[in-house]
Amino acid sequence: SQHDMANFFILLLSLLRTNELCNLKAEYVDQDSGLIVLPDSVMKAKRKHRVPMSRQLAKLVNERVDTGAAYVCPKLNKSARPLYKNYYLNLFNKAGISGIIVPHGVRALARTWFAQKDFNFYACEMCLAHTVENATQQSYQHSDYLAQRLPIMQAWGDFVERCFKDNFPEFF
């Protein structure tokens, strides 16, 4: 369905973990700054995470936010209810691709692509909300590499668009 395909592309473009995406509230989207801002309470590492939205991701996310839904990826016809936790796994199974890639594998695919493009290691890790510093380094280093991540996420969005636009032009 269109709903499932939009959710698939939001997963692919945001690189959020599935549990973060299933519970992504519209209030976390800052359309003016082009960011998704997830509070520390919903993040695996318990640190606030800012996702710079590529043009492609902003289009999909802003369309959802503009409907007034409580969640960016709500249950179909239930805008006040989040997706269930196995939604993306079931979606990949239904699409017949679970033997090729799983939802979390999208993050590994993107990280490999980033490495092949020689993007800054730390900025790439922050695109995935990874913590790479030890406790001492974390106490001194507070940057989330946002300025460096925006071109990385836009390059990823452009790559995803090139891969899918011919078959799914309505999403780009």
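Residues numbered from 1 in each chain as written. Predicted model: local features only at pLDDT ≥ 70, side-chain atom pairs only at ≥ 80, totals over all residues. Heavy atoms only, no water.

A.B. asks: When you look at the confidence of the model for the protein chain in this model, what are you seeing that I'm missing?
C.D. replies: When pLDDT is low, close inspection of the predicted coordinates is not appropriate. Here the protein chain shows a mean pLDDT of 91. Residues at 70 or above account for 94%. Mean pLDDT values over the elements of the protein chain span from 62, in helix H7 (residues 135–140), up to 98, in strand S1 (residues 29–30). (pLDDT = per-residue confidence, 0-100. Helix = DSSP H or I, 4+ residues; strand = E, 2+ residues; numbered from the N terminus.)

A.B. asks: Even after reading the chapter, I still don't get helix H1 (residues 2–14), so can you show me in this structure?
C.D. replies: Spacing of three or four residues puts side chains on the same side of an α-helix, whose turn is 3.6 residues. Here H1 is 13 residues long and its end C-alpha atoms lie 18 Å apart, about the 18 Å a rise of 1.5 Å per residue gives. In terms of residue burial, H1 counts as a mostly covered element, since 11 of its 13 residues are buried. (Expected span 1.5 Å × (residues − 1). Buried < 20%, exposed > 50% of the residue type's maximum accessible area, 1.4 Å probe, protein only.)

A.B. asks: Could you clarify how one ought to interpret the packing of aromatic side chains in this entry?
C.D. replies: Applying the stated criterion across every chain, the model contains 20 aromatic pairs. Where Trp156 meets Phe159, the ring centres are 5.6 Å apart and the plane angle is 35°; that geometry is what we call tilted. With Trp156 and Phe159 both in helix H8 (residues 146–164) and three residues apart, the pair spans about one turn of that helix. Accessibility expressed as a relative area gives 25% for Phe159, which makes it partly exposed. One aromatic cluster is present, formed by Phe8, Phe9, Phe92, Phe164, Phe168, Phe171 and Phe172 through successive ring pairs. (Phe/Tyr/Trp six-rings, centres within 6.5 Å; stacked < 30°, edge-to-face > 60°.)

A.B. asks: For this particular structure, what's the right way to read the sheet that holds strand S3 (residues 49–52)?
C.D. replies: Hydrogen bonds between backbone groups are what pair the strands of a sheet, and the pairing can be parallel or antiparallel. Read from one edge to the other, the open sheet built from three strands follows the order S1-S2-S3, with strand pairing classed as antiparallel. Here the strands that pair on one side only, and so sit at the sheet edges, are S1 and S3. For S1 and strand S2 (residues 35–38), the ladder comprises two bridges, and the chain directions are antiparallel. Residue pairing in the sheet places Val29 in a bridge with Ile36 of S2. (Pairing = 2+ DSSP bridges.)

A.B. asks: Would you take a moment to explain the nonpolar core for this structure?
C.D. replies: Side chains of a nonpolar character, in soluble globular proteins, are inclined to be buried together. Ranked by internal contacts, the top residues of the largest apolar core, which has 49 residues, are Phe9, Ile36, Val61, Tyr88 and Phe114. Looking at this core, the elements with two or more residues in it are H1, helix H2 (18–22), S2, helix H3 (55–65), helix H4 (87–95), helix H5 (105–116), helix H6 (121–127) and H8. With seven residues, H1 is the single largest residue contributor to this core. In this structure, Phe114 is in contact with Leu15, Phe119, Cys124, Cys127, Ile152, Met153 and Trp156, ignoring residues within four places of it in sequence. (Core = buried A, V, L, I, M, F, W, Y, C linked by side-chain atoms within 4.5 Å. Contact = heavy atoms within 4.5 Å.)

A.B. asks: Looking at this structure, how should I read the pairing of strand S5 (residues 78–82)?
C.D. replies: Consecutive side chains of a regular strand alternate in pointing toward one face of the sheet and then the other. Pairing of strand S4 (residues 74–75) with S5, which is carried by two bridges, proceeds in the antiparallel orientation. Looking at the pairing, Lys75 lines up with Lys78 of S5. The hairpin formed by S4 and S5 contains two residues between the paired strands, and Asn77 there has a positive phi angle of roughly 65°.

A.B. asks: What exactly am I supposed to notice about the pattern of salt bridges here?
C.D. replies: Pairing between side chains of opposite charge can happen when the charged atoms of each approach one another. One pass over the full model with this rule turns up nine salt bridges. A salt bridge links Glu20 to Arg17; the nearest nitrogen and oxygen atoms lie 2.8 Å apart. The same class applies to Glu20 and to Arg17, which are both buried. By sharing partners, the salt bridges in this structure join Arg55, Asp158, Glu161 and Lys165 into a single network. (Salt bridge = Lys/Arg side-chain N within 4 Å of Asp/Glu carboxyl O.)

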